[in-house]
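Chain and residue survey
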Amino acid sequence: MPDVFRPDRAGALQAVVHWHVTGPADGEDDVFELEIAGGRCTVSPRPARTPRLVLHLDAVNFVKMTTGNANARMLFLRGKLKARGDLGLINKFPALFDVPRP
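Let me begin by describing the structure that accompanies this report. This structure is a prediction, so every number in the text was calculated from the model and none was measured. (Residues numbered from 1 in each chain as written. Predicted model: local features only at pLDDT ≥ 70, side-chain atom pairs only at ≥ 80, totals over all residues. Heavy atoms only, no water.)

Turning our eyes to something else, we now look at the overall build of the chain. Of regular secondary structure, the chain possesses 4 helices and 5 strands. When the helices and strands of the chain are listed from N to C terminus, the series reads α-β-β-β-β-α-α-β-α. Computed over the C-alpha atoms, the radius of gyration of the chain is 13 Å, within 12% of the 13 Å expected from 2.2 N^0.38 for a compact globule of 102 residues. With respect to the principal axes defined by its C-alpha atoms, the chain has extents near 35 × 35 × 25 Å. A total of 102 residues make up the chain; the buried ones form 29% of that total. Sequence-distant contacts, at least 24 apart, represent 63% of the contacts inside the chain between residues at least 6 apart. Put simply, the chain shows about 6,200 Å² of open surface, and 53% of that area lies on carbon and sulfur atoms. Side-chain charges of the chain comprise 14 positive and 11 negative groups, with the mean position of each set lying 8 Å from the other. (Helix = DSSP H or I, 4+ residues; strand = E, 2+ residues; numbered from the N terminus. Rg over C-alpha atoms; globule rule 2.2 N^0.38 Å. Buried < 20%, exposed > 50% of the residue type's maximum accessible area, 1.4 Å probe, protein only. Contact = heavy atoms within 4.5 Å. Areas by Shrake-Rupley, 256 points an atom, 1.4 Å probe, with all protein chains shown as cover. Lys, Arg positive; Asp, Glu negative; His and termini not counted. Charge placed at Lys NZ, Arg CZ, Asp CG, Glu CD.)

For the rest of this paragraph, the subject is the sheet that holds strand β4 (residues 53-58). The 5 strands lie next to each other as β3-β2-β1-β4-β5, forming an open sheet whose pairing is mixed. With one partner strand each, in any of the chains shown, β3 (40-44) and β5 (81-85) form the two edges of the open sheet. Neighbour-to-neighbour, the strand axes of the sheet open up by a mean angle of 20°, direction not taken into account. By the bridge criterion, 5 bridges tie β4 to β5 in an arrangement that is antiparallel. By the bridge assignment for β5, L55 is matched with A83. Across the face of the sheet, helix α2 (residues 59-66) comes into contact with β1 (15-22), β2 (30-37), β4 and β5 while running at roughly 115° to β4. Strands in contact with helix α4 (residues 88-96) are β1, β2, β4 and β5; relative to β4, the strand with the most contacts, it is inclined by about 75°. (Pairing = 2+ DSSP bridges. Axes fitted to C-alpha atoms, helices over the stretch in contact; angles between N-to-C directions.)

Laid out in structure tokens, this is it:
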């Protein structure tokens, strides 16, 4: 995600998002933290900050959403993406990243 982040579109946005991706063989969620601040996007495998938004989705829909093959709003409306916190931030995601197209 940091590689395709568009700081020019983020403006002064500051946000911490915790992603919970379900579906690994061990039964535990993969959890990571995405931080947008100061025109930068960083990802950490160890969530440490208080999130503005928490997202829960399965691995298949995570890949679809982050590659531009699924719309976050539609996943949310269909119950495939669960969110807690600043739901308006979900709507901003597509503009913040330039997802590579095949």
